Amino acid sequence: MENREFQFFSVRLWNGISGFEPGLYPFCVEEAEREYPKPFRCSGQDFLIAAFLLSGRLRYRFRTGEQLLVPGEILLIPPHTPYEFSGAGSGGYRKLVFEISGKYLEQELYMLNLNRVIHRECPDFSARIATLREIGEMMTDIPAHFAVLAGKTVEFLYSLREPEGNEPSRLFVSAQNAVEELLSSPVDLNILERRLRVSRSTLGRLFRSEAGISPREYWIRRKIRRAEYYLSRTDFSVKEIADRLGYSSQFHFSGEFRKRLSLSPTEFRKKHSVPE
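These numbers come from a predicted model, not from an experiment.

A.B. asks: Give a description of the pattern of salt bridges that names residues and reports values.
C.D. replies: With the rule as written, the count across this model stands at 18 salt bridges. Taking the shortest distance from any N to any O, the salt bridge between E134 and K152 comes out at 3.8 Å. In this pair, E134 is assigned in helix α2 (residues 125-138) and K152 in helix α3 (residues 142-159), connecting sequence segments 18 residues apart. Residue E134 is classed as partly exposed on the basis of its relative accessible area of 39%. A salt bridge links R222 to E180, with the shortest nitrogen-to-oxygen separation between them at 2.6 Å. Of the two residues, R222 is situated in helix α7 (residues 215-233) and E180 in helix α4 (residues 170-181); the sequence distance between them amounts to 42 residues. Looking at R222, the relative accessible area reads 8%, which means it is buried. Within the structure, one salt-bridge network assembled from shared partners comprises E31, E33, R94 and R133.

In structure tokens, the structure reads:
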């Protein structure tokens with residue numbers, strides 16, 4: 001793909017089977033080179049970003065601090081993470097970005113201890129770049145390479161695994177998956193109990209042990225995080241978002257949103273919307 005702002009620009013986007021979202025899949029492989037870097041800002045995205053710098057230096061800024069990315073390193077940015085970057089020093093840069101999406105992405109990141117910004121050296125840097133370019137080429141014909149692409153995405157993600165900390169229980173991961181599937185429904189813990197085949201008391205202990213909050217609060221927070229994405233990245237109306245998230249009315253949704261973020265949905269959109 002040609003773009004006059006870039007010395008080189010190549011992007012491969014997922015256009016898989018309509019109406020079907022795999023558990024994990026390669027959403028995008030993008031490689032770009034700029035002679036004159038331009039600052040970029042994102043209020044949050046619905047996928048994992050793995051950024052590799054092939055030349056130059058980039059300074060990434062997060063709410064928690066700054067990271068200077070140089071060649072030979074990897075920077076992981078989990079979903080719904082506001083960030084911005086700009087050139088660091090004189091000269092341009094060349095960057096390769098791999099974006100992973102899927103209906104179980106956030107649960108996998110939690111299980112692998114990758115649900116935070118991670119910046120570290122990448123000893124197998126050249127091999128990873130070659131693999132990602134291979135994935136990008138296969139994305140030109142997704143139906144023919146569907147299974148291989150899914151497998152390589154899972155393999156890539158698991159190769160980044162962080163061993164520190166305790167892994168969540170299988171039951172909690174199942175609970176997380178169930179909540180994600182039920183975000184379009186009203187909060188109903190009876191449904192969750194039936195899905196997991198546990199009692200209300202067991203469900204409560206599970207979430208307080210693993211997440212530090214009640215299952216109802218966890219479910220609501222996931223709805224609010226999804227709403228933040230819709231408000232900043234889509235043109236859905238507030239009513240449409242309320243409907244998509246299983247609220248009985250946009251007023252109920254707006255009240256719950258304001259209660260947690262101290263902003264109305266409209267105010268949040270004005271402040272965080274990403275320009276086209």
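A.B. asks: Tell me what's going on with the side chain of E180, and back it up with residues and numbers.
C.D. replies: With relative accessibility at 12%, the residue E180 sits in the buried group. Apart from residues no more than four positions distant in its own chain, E180 is found in contact with K103, Q107, R222 and R226.

A.B. asks: I'd like to hear about the layout of surface pockets, residue by residue, with values.
C.D. replies: Here the second largest pocket defines a volume of roughly 500 Å³. For the lining of the second largest pocket, the secondary structure elements donating two or more residues are α1 (105-111), α4 and α7.

A.B. asks: Please give an account of the side chain of N177 that cites residues and values.
C.D. replies: Inspection of the secondary structure assignment puts N177 in helix α4. Of the residues examined, N177 reaches a relative accessible area of 16% and is grouped as buried. With sequence-adjacent residues up to four places away left out, N177 is seen in contact with Y104 and Q107.

A.B. asks: I'd love a proper account of the sheet that holds strand β6 (residues 65-69), names of residues and values included.
C.D. replies: With antiparallel pairing, four strands are arranged side by side in an open sheet as β3-β8-β5-β6. Sheet topology places β3 (40-42) and β6 at the edges, where each strand pairs with a single neighbour. Strand-to-strand, the axes of this sheet are offset by a mean angle of 15°, without reference to chain direction. Bridging between strand β5 (residues 58-62) and strand β8 (residues 83-87) involves four bridges; their strand directions are antiparallel.

The rules behind each value
- Residues numbered from 1 in each chain as written.
- Predicted model: local features only at pLDDT ≥ 70, side-chain atom pairs only at ≥ 80, totals over all residues.
- Heavy atoms only, no water.
- Salt bridge = Lys/Arg side-chain N within 4 Å of Asp/Glu carboxyl O.
- Helix = DSSP H or I, 4+ residues; strand = E, 2+ residues; numbered from the N terminus.
- Buried < 20%, exposed > 50% of the residue type's maximum accessible area, 1.4 Å probe, protein only.
- Contact = heavy atoms within 4.5 Å.
- 1 Å grid on protein atoms, 1.4 Å probe; cavity = no way out; pocket = protein on both sides within 12 Å on 5 of 7 lines; lining within 4 Å.
- Points joined across faces, edges and corners; volume = space filled by probe spheres on them.
- Pairing = 2+ DSSP bridges.
- Axes fitted to C-alpha atoms, helices over the stretch in contact; angles between N-to-C directions.

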